[in-house]
Amino acid sequence: CAFKCSHAVVNGEGVDVVKDPITDPGKKSKKGRLTLEVLGGAWVTVTEGRGDPSKDKLVPVFRNGSLLQEYSFAEIRERA
């Protein structure tokens, strides 16, 4: 699993971040604030801040080096 930056706050202003390598268009990343939602029974990543935060299945686990949520290995396997 890899995590990539897709949105940053610079001098108090939100900025979308995207990787779009010229040599490999297949590696283009998703940009902007992302939500992971279930739409019509399918998991969908909604990009560029167009998602509904109340439907977002992603939850913060770490913030600024602090652990916000702790899950046991059994809990993680149960969701897989």
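Calculation rules
- Residues numbered from 1 in each chain as written.
- Predicted model: local features only at pLDDT ≥ 70, side-chain atom pairs only at ≥ 80, totals over all residues.
- Heavy atoms only, no water.
- Helix = DSSP H or I, 4+ residues; strand = E, 2+ residues; numbered from the N terminus.
- Rg over C-alpha atoms; globule rule 2.2 N^0.38 Å.
- Buried < 20%, exposed > 50% of the residue type's maximum accessible area, 1.4 Å probe, protein only.
- Contact = heavy atoms within 4.5 Å.
- Areas by Shrake-Rupley, 256 points an atom, 1.4 Å probe, with all protein chains shown as cover.
- Patch = residues over 30% accessible without salt bridge, like charges linked within 9 Å, V, L, I, M, F, W, Y side chains within 5 Å.
- Salt bridge = Lys/Arg side-chain N within 4 Å of Asp/Glu carboxyl O.
- Phe/Tyr/Trp six-rings, centres within 6.5 Å; stacked < 30°, edge-to-face > 60°.
- Lys NZ or Arg CZ within 6 Å of the ring centre and 35° of its normal.
- Pairing = 2+ DSSP bridges.

Looking now at the overall build of the protein chain. The helix and strand inventory of the protein chain stands at one helix and six strands. Listed by position from the N terminus, the elements making up the protein chain come as β-β-β-β-β-β-α. Computed over its C-alpha atoms, the radius of gyration of the protein chain comes to 15 Å, more than 25% above the 12 Å expected for a compact globule of 80 residues. On the principal axes, the C-alpha backbone points of the protein chain span a range of 40 × 35 × 25 Å. Out of the 80 residues in the protein chain, the part that is buried amounts to 9%. Pairs at least 24 residues apart make up 9% of the contacts formed inside the protein chain by residues separated by at least 6 positions. A total of about 6,900 Å² of accessible surface is found on the protein chain, and carbon and sulfur atoms cover 53% of it.

Take a nonpolar patch on the surface next. A contiguous nonpolar patch, built from Val59, Tyr71 and Ile76 and spanning about 240 Å² of accessible area, is present on the exposed surface. Relative to the elements of secondary structure, Val59 occurs in the loop between strand S4 (42–46) and strand S5 (62–63). You can call Val59 partly exposed: its relative accessible area is 47%.

As a further point, take the packing of aromatic side chains. Per the stated rule, a full pass over the model turns up zero aromatic pairs. One cation-aromatic arrangement involves Arg79 over Tyr71; the distance from NZ or CZ to the ring centre is 4.5 Å.

Here we come to the side chain of Thr47. Here Thr47 shows up in the loop between S4 and S5. Its relative accessible area of 15% is what places Thr47 among the buried residues. Contact partners of Thr47, with chain neighbours within four places excluded, come to Lys30, Lys31, Arg33 and Leu34.

What follows deals with the pairing of strand S3 (residues 35–39). Working note: regular strand, side chains alternate between the two faces of the sheet. Sheet topology places S3 next to S4; five bridges connect them, and they run antiparallel. Bridge pairing in S4 links Val38 to Trp43. Between S3 and the antiparallel strand that follows it, S4, lie two residues; Gly40 among them carries a positive phi value of about 60°.

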